[in-house]
Amino acid sequence: MIIGIPKEIKPGEGRVSLSPYNVEELVHLGHNIILEHAAGKNAGFNDEQYLKAGAKVHDTKRKIYTDSDILVKVKEPVLEELNYFNPGPILFSFLHLSAVKELTDVFLKGKSTAIAFESVELDNGHLPILIPMSEIAGRMALIKGANLITFHNKGKGVLLGGATGVYRGRVTVLGGGTAGMNAALAGYGLGSDVTILERNIARIRYLKEILPRGINVIMSNIRNIRESVKKADILIGTVLIPNAKAPRIVSREMVRSMNPGSVIIDVSIDQGGCIETSKPTNHEEPTYIEEGIIHYCVTNMPGAYPRTSTEALSESLFPYLLNLISDEDIVNVLKKYPSLRKGVNIFKGNLTIKEIAETFNYSYKNIEELL
């Protein structure tokens, strides 16, 4: 099969979907890989490395889209790429369609097939391709927050680890999933006073068993959210409902109760954000101030660390790509591999995810019925 790897053009996105090492494995299996010129440059992989691995490199993005059977991207297509999906190649990428109605409409109108990294799900409910990016985003959230809260970045000037005889900085993390847990551990490592709010009691018990005792894990309810947000020097939102738009659990009034110069990092912004005052930003203009609070709401946070993120993403998606290319008939593939089947968001112009359909009040069809 012909697998296309385009250069990402979302602002500030430095990742590439596949490393030369995984490309070499695909070539050895008899597949043809076509790469857009300089697709891996920002991740530290040059065209020569891909050529040596057996890929072909082309200068034009159009050829990558029109000649591919399967297109493996990192992020959802942006405006300039939308005209390639009519129906275009099978798309395997992060999509977050619940937050992007226009993209959903393009796929439906073009009779496209799109499989989302964030929807590929194991029997135990784990999201194997999303997890490494959530790890990176969680750790990165603390790095960004610690930097933004400095006086010279218009922050309140609190050192998270405090000093002798001085209170430590307070970090509040909304959600105890992969991103939230990694943000909390990073905050704890810097000496912060860290609190995680989580609504699943079984998850709370698990976190209390594995995390250092210095990290507080409490129930996510309206009272605890209100009190914890008010005290936070850095508030990190990591709420995730798979395939659905993130719920806005922090109101503008709560944000207004925070001390001026505090920082909000909304990791959930890919799915619409979990804080009322959040709005998408990019790596070129990552922050804005609202209600006196610095907001960082970049929709592709791991793109800031493209080498690490590319290697982690490429390895995590690779087994599922092998499944996807194991048969030229996509129906046979999806019947055989349930985890990949769960990842289908659009199948030949049919919306297959209930949560996305409910977000836009669209009809949908169960993928099982379509197959």
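Notes on the structure follow.

Rules and cut-offs
Residues numbered from 1 in each chain as written. Predicted model: local features only at pLDDT ≥ 70, side-chain atom pairs only at ≥ 80, totals over all residues. Heavy atoms only, no water. Helix = DSSP H or I, 4+ residues; strand = E, 2+ residues; numbered from the N terminus. Rg over C-alpha atoms; globule rule 2.2 N^0.38 Å. Buried < 20%, exposed > 50% of the residue type's maximum accessible area, 1.4 Å probe, protein only. Contact = heavy atoms within 4.5 Å. Areas by Shrake-Rupley, 256 points an atom, 1.4 Å probe, with all protein chains shown as cover. Lys, Arg positive; Asp, Glu negative; His and termini not counted. Charge placed at Lys NZ, Arg CZ, Asp CG, Glu CD. Pairing = 2+ DSSP bridges. Axes fitted to C-alpha atoms, helices over the stretch in contact; angles between N-to-C directions. Salt bridge = Lys/Arg side-chain N within 4 Å of Asp/Glu carboxyl O. Left-handed = near helix turned anticlockwise from the far one by under 90°. Nonpolar A, V, L, I, M, F, W, Y, C, P; charged D, E, K, R; others polar. Phe/Tyr/Trp six-rings, centres within 6.5 Å; stacked < 30°, edge-to-face > 60°. 1 Å grid on protein atoms, 1.4 Å probe; cavity = no way out; pocket = protein on both sides within 12 Å on 5 of 7 lines; lining within 4 Å. Points joined across faces, edges and corners; volume = space filled by probe spheres on them. Patch = residues over 30% accessible without salt bridge, like charges linked within 9 Å, V, L, I, M, F, W, Y side chains within 5 Å. Arc of directions from axis to C-beta. Core = buried A, V, L, I, M, F, W, Y, C linked by side-chain atoms within 4.5 Å.

## A few points about the overall build of the protein chain
Counting its regular elements, the protein chain contains 14 helices and 15 strands. Against the globule reference of 21 Å for 371 residues, the protein chain gives a C-alpha radius of gyration of 21 Å, in line with a compact fold. In terms of principal-axis extent, the alpha carbons of the protein chain reach across some 65 × 45 × 35 Å. In the protein chain, which comprises 371 residues, the proportion classed as buried is 54%. The long-range fraction of contacts in the protein chain, counting pairs at least 24 apart against all pairs at least 6 apart in sequence, stands at 64%. Entry remark: accessible area of the protein chain is about 16,400 Å², with carbon and sulfur atoms responsible for 50%. Positive and negative side-chain charges in the protein chain, numbering 42 and 41 respectively, have mean positions lying 6 Å apart.

## Some thoughts on the sheet that holds strand β8 (residues 193-198)
Reading across from one edge, β9-β8-β7-β10-β11-β13-β12 is the order of the seven strands in this open sheet, with mixed pairing throughout. Here the strands that pair on one side only, and so sit at the sheet edges, are β9 (215-219) and β12 (287-290). Taken pair by pair, the neighbouring strands of this sheet meet at an average axis angle of 20°, ignoring direction. In this fold helix α5 (residues 130-148) packs onto β7 (170-174), β10 (234-237), β11 (263-266), β12 and β13 (293-296), with an angle of close to 155° to the strand it touches most, β11.

## Side note on the sheet that holds strand β1 (residues 2-5)
Strand order across the open sheet formed by eight strands is β3-β2-β1-β4-β5-β6-β14-β15, with mixed pairing between neighbours. Strand pairing shows two members of the sheet lacking a second neighbour, β3 (56-58) and β15 (350-351), which therefore form its edges. Note that strand β2 (residues 32-36) and β3 share three bridges and pair parallel. Opposite Ile34, over in β3, you have Lys56 as the bridge partner.

## Overview of the pattern of salt bridges
When the charged atoms of two side chains with opposite charge come close together, those side chains can pair. Evaluated as defined, the whole model comprises 17 salt bridges. Notably, a salt bridge pairs Asp105 with Lys101, separated by 3.0 Å at the nearest N-O pair. On the criterion of helical spacing, the pair formed by Asp105 and Lys101 is a turn pair, its members being four residues apart in helix α4 (residues 101-109). A relative accessible area of 27% means that Asp105 is categorised as partly exposed. Residue Lys101 is classed as partly exposed on the basis of its relative accessible area, which comes to 35%. The closest approach of N and O atoms between Lys156 and Asp233, which form a salt bridge, is 2.7 Å. Here the residue Lys156 occupies a position in the loop between α5 and β7, and Asp233 occupies one in the loop between α8 (222-231) and β10, the gap between them amounting to 77 residues. On the basis of relative accessibility, which here comes to 8%, the residue Asp233 falls in the buried class.

## Looking at the packing of α5 against helix α6 (residues 178-189)
For the pair α5 and α6, interaxial distance at closest approach is 7 Å and the crossing angle is 35°. Between α5 and α6 lies a crossing of right-handed hand. Taken together, the residues of α6 that come into contact with α5 (itself represented by Ile131, Ser134, Glu135, Gly138, Arg139 and Leu142) are Thr178, Ala179, Asn182, Ala183, Ala186 and Gly187. Classifying every residue of the contact of α5 with α6 gives five nonpolar, five polar and two charged.

## Overview of the packing of aromatic side chains
In this structure the tally under the stated criterion is eight aromatic pairs. Measuring from ring centre to ring centre gives 4.4 Å for Tyr65 and Tyr84, while their planes differ by 25°; the resulting arrangement is stacked. Taken together, the positions of Tyr65 in helix α3 (residues 61-67) and Tyr84 in the loop between β4 (70-72) and β5 (90-93) put the pair 19 residues apart, joining distant regions of the chain. Residue Tyr84 is classed as buried on the basis of its relative accessible area of 15%.

## A few points about empty space enclosed by the protein
All told, the structure shown has two cavities of 30 Å³ or more when counted by the stated rule. Approximately 50 Å³ is the volume attributed to the largest cavity. Contributing to the lining of the largest cavity are Lys7, Glu8, Glu13, Gly14, Arg15, Ala38, Ala39, Lys41 and Asn42. In this structure, the second largest cavity occupies an estimated 40 Å³ of space. In terms of residue class, the lining of the second largest cavity is made up of two nonpolar, six polar and one charged.

## Side note on a negative patch on the surface
Negative charge collects at one region of the surface, where Asp69, Asp327, Glu328 and Asp329 lie side by side. One can find Glu328 in the loop between α10 (306-324) and α11 (330-336).

## Some thoughts on α4
In an α-helix, one turn spans 3.6 residues; hence positions three or four apart end up facing the same way. Of all the positions in α4, only Leu103, Thr104, Phe107 and Leu108 are classed as buried. Buried residues in α4, looked at end-on, bunch into an arc of 135°, giving them a common side. Exposed residues on α4 whose side chains face more than 90 degrees from its buried face are Glu102 and Lys109. Lys111, located one to two residues past α4, shows a positive phi value of around 60°.

## With respect to the nonpolar core
Judged by nonpolar contacts, the single largest core of 44 residues is most densely connected at Phe92, Ile129, Leu321, Leu324 and Leu340. With six residues, α10 is the largest single contributor of residues to this core. Those residues within four positions of Leu340 in sequence are excluded, and the remaining contacts are Phe92, Ile115, Val120, Tyr320, Asn323, Leu324, Val333 and Leu334. Grouped together as the second largest cluster of nonpolar side chains are 29 residues, Ala141, Ile204, Val263 and Ile294 included.

Worth remembering: the numbers are spatial, not functional.
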